[in-house]
Amino acid sequence: RTCSRGLQTTMECCNSADEARAAGIKAQYGLEYTANLSKLDPVPAQRWVQLGFDEESQAFVNNSLAHPWSENWCWFRGKLSKLVGRYNADGILNMSNMFVLSRTAWLGILGRESREGRLLDVGAGDGRPTGEAAPLFEHVCVTEASIPLSWRLWFKGYRSVRSCSLSDSGLCDQSYNVVSCLNVLDRCDDPWQLLEELKACCAQDGIVVLAVVLPFCPTVLDGGQHRSPRVQLQDIPGCGDNKPHRWERCVNALVDKVFNVAGFDLVSVSRVPYMSHGDSKRGLYLSLIHI
């Protein structure tokens, strides 16, 4: 009986230490998962789904902090980027290690645990974010514009379609129960066209899971150089907006001026950090996004 109490005490201490470490990481890197619901418009506030710094998210951060990209490896990536662009260089060197939604978060968004339906992940990168959702679907298809990243997706066993346009990919057939588009809306030339294409891929009773980096600062990578999109969303608070409650105002503007206009019905809204693997200068890189 004494040993049992001692074991219980040890486990409680370990749990407390893990929780304290997680809280410390959240504070150090500013990992935000909450919002001021009183500053959201009524519909986004009512559709709010609270996500958190769960075990999968913590595991990604711990791995990044323990095994950052080395200074020499980053130097090599910089040299290669000048030849093929940063995005392709990350794909060639397998350094496109990013984290958006954990499997726990996907469960919270979808509201189910069963493996069913078809998923289309648009702009899937190296497939790391796709891997969190894939076990919840019977069929997974991914798209990617980068040749090296498209190859990595194929190597991981996904049906990989290399395309810069969904309209030209043959995927706009309303056959997908869930279409995910994580961190692409602010990186495309025509966000209105992208939204129409996402709807065209999605079944009539399906959902689009859209992640947008906020504040909204759109840019397009063209031939290794960044430029402004040809078509821009108007009146969305951007990087130069430093007024209070910027995140909440961004969400309100996107829902009212973009998603509603494009013909979407809001199902849920959440806030998570968009995390990228760290290097010798910083253990973790992140942006705040809205789902």
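Residues numbered from 1 in each chain as written. Predicted model: local features only at pLDDT ≥ 70, side-chain atom pairs only at ≥ 80, totals over all residues. Heavy atoms only, no water.

Trainee: Just checking my understanding: could you explain the side chain of Glu144 for this structure?
Mentor: By the secondary structure assignment, Glu144 is in strand β3 (residues 139-144). For the buried residue Glu144, which engages in no salt bridge, the nearest side chain bearing the opposite charge is Arg162, 7.9 Å off. A polar atom in the side chain of Glu144 sits 3.4 Å from the side chain of Tyr87. A polar atom in the side chain of Glu144 sits 3.5 Å from the backbone nitrogen of Ala124. With near-sequence residues (within four places) excluded, Glu144 lies in contact with Tyr87, Gly123, Ala124, Gly125, Leu149, Ser150, Leu153, Val161, Arg162 and Ser163. (Helix = DSSP H or I, 4+ residues; strand = E, 2+ residues; numbered from the N terminus. Buried < 20%, exposed > 50% of the residue type's maximum accessible area, 1.4 Å probe, protein only. Lys, Arg positive; Asp, Glu negative; His and termini not counted. Salt bridge = Lys/Arg side-chain N within 4 Å of Asp/Glu carboxyl O. Polar contact = N/O pair within 3.5 Å; in protein donor to acceptor, adjacent residues only side chain to side chain. Contact = heavy atoms within 4.5 Å.)

Trainee: What exactly am I supposed to notice about helix α4 (residues 71-84) here?
Mentor: Counting along an α-helix, one turn takes 3.6 residues, and residues three or four places apart therefore face a common direction. Here α4 contains 14 residues, and its C-alpha end-to-end distance of 20 Å stays within 8% of the 20 Å for a straight helix at 1.5 Å per residue. Within α4 the residues assigned to the buried category are Cys74, Arg77, Leu80 and Ser81. The buried residues of α4 occupy an angular sector of 125° when the element is viewed end-on, so they sit on one face. The exposed residues of α4 that point more than 90 degrees off its buried face are Glu71, Asn72, Trp75, Lys82 and Leu83. (Expected span 1.5 Å × (residues − 1). Arc of directions from axis to C-beta.)

Trainee: Sorry if this is basic, but what is going on with the pattern of salt bridges here?
Mentor: Any two side chains of opposite charge can pair, so long as their charged atoms come close to each other. One pass over the full model with this rule turns up 9 salt bridges. Residue Asp90 is joined to Arg86 by a salt bridge in which the shortest nitrogen-to-oxygen separation is 3.3 Å. You can see Asp90 and its partner Arg86 sitting in helix α5 (residues 86-93), 4 residues apart, about one turn around the helix. Asp241 is the salt-bridge partner of Arg249, the closest N and O atoms lying 2.8 Å from each other. Its relative accessible area of 26% is what places Arg249 among the partly exposed residues. Residue classification places Asp241 among the buried positions, given a relative accessible area of 17%.

Trainee: Before we go on, may I ask you to explain the pairing of strand β9 (residues 271-277) in this structure?
Mentor: For a regular strand, side chains alternate in direction, first toward one face of the sheet and then toward the other. Within β9, 7 of the 7 residues are buried, which leaves it mostly tucked inside the rest of the structure. Direction of pairing for strand β1 (residues 98-99) relative to β9: antiparallel, over a ladder of 2 bridges. Residue Phe99 lies in a different strand from β9, and its bridge partner there is Met275. (Pairing = 2+ DSSP bridges.)

Trainee: Explain the packing of α5 against helix α8 (residues 147-155) here, please?
Mentor: For any two helices packed against each other, the geometry is given by the interaxial angle and the distance between the axes. Between α5 and α8, the least distance of the axes is 7 Å, while the angle of their chain directions is 35°. Read as a crossing pair, α5 and α8 show a hand that is left-handed. Only Ile147, Pro148, Leu149 and Arg152 of α8 make contact with α5, whose side of the interface consists of Tyr87, Asn88, Gly91, Ile92 and Leu93. Of the residues assigned to the contact of α5 with α8, the class counts are 6 nonpolar, 2 polar and 1 charged. (Axes fitted to C-alpha atoms, helices over the stretch in contact; angles between N-to-C directions. Left-handed = near helix turned anticlockwise from the far one by under 90°. Nonpolar A, V, L, I, M, F, W, Y, C, P; charged D, E, K, R; others polar.)

Trainee: Is there a simple way to think about the packing of aromatic side chains in this case?
Mentor: Two measures describe an aromatic ring pair: the distance that separates the ring centres and the angle between the ring planes. Summed over all chains, the structure comprises 5 aromatic pairs. Directly above the aromatic system of Tyr176 lies the positively charged group of Arg118, at a separation of 4.5 Å from the ring centroid. Against the face of Phe264 rests Lys199, its NZ or CZ located 5.7 Å from the ring centre. (Phe/Tyr/Trp six-rings, centres within 6.5 Å; stacked < 30°, edge-to-face > 60°. Lys NZ or Arg CZ within 6 Å of the ring centre and 35° of its normal.)

Trainee: So what exactly am I meant to see when it comes to helix α10 (residues 246-259) here?
Mentor: Taking 1.5 Å per residue as the helical rise, α10 with its 14 residues ought to reach 20 Å, and the 18 Å between its terminal C-alpha atoms agrees with that figure. Counting buried positions along α10 yields 10 of 14 residues, so the element is predominantly enclosed. All buried positions along α10 are accounted for by Trp247, Glu248, Cys250, Val251, Asn252, Ala253, Leu254, Val255, Val258 and Phe259.

Trainee: How should I be thinking about the nonpolar core in this particular structure?
Mentor: One recurring pattern in soluble globular proteins is that nonpolar side chains are buried together. Leu198 and Phe259 are the most contacted members of the largest nonpolar core, which totals 37 residues. Put simply, the parts of the chain that give this core at least two residues each are β2 (118-122), β5 (176-182), α9 (191-201), β6 (202-214) and α10. Top contributing element to this core by residue count: α10, with 8 residues. In this structure, Leu198 is in contact with Val122, Leu166, Val179, Cys181, Val208 and Leu210, ignoring residues within four places of it in sequence. Judged by nonpolar contacts, the second largest core, of 35 residues, contains Ala22, Leu51, Val61 and Tyr158. (Core = buried A, V, L, I, M, F, W, Y, C linked by side-chain atoms within 4.5 Å.)

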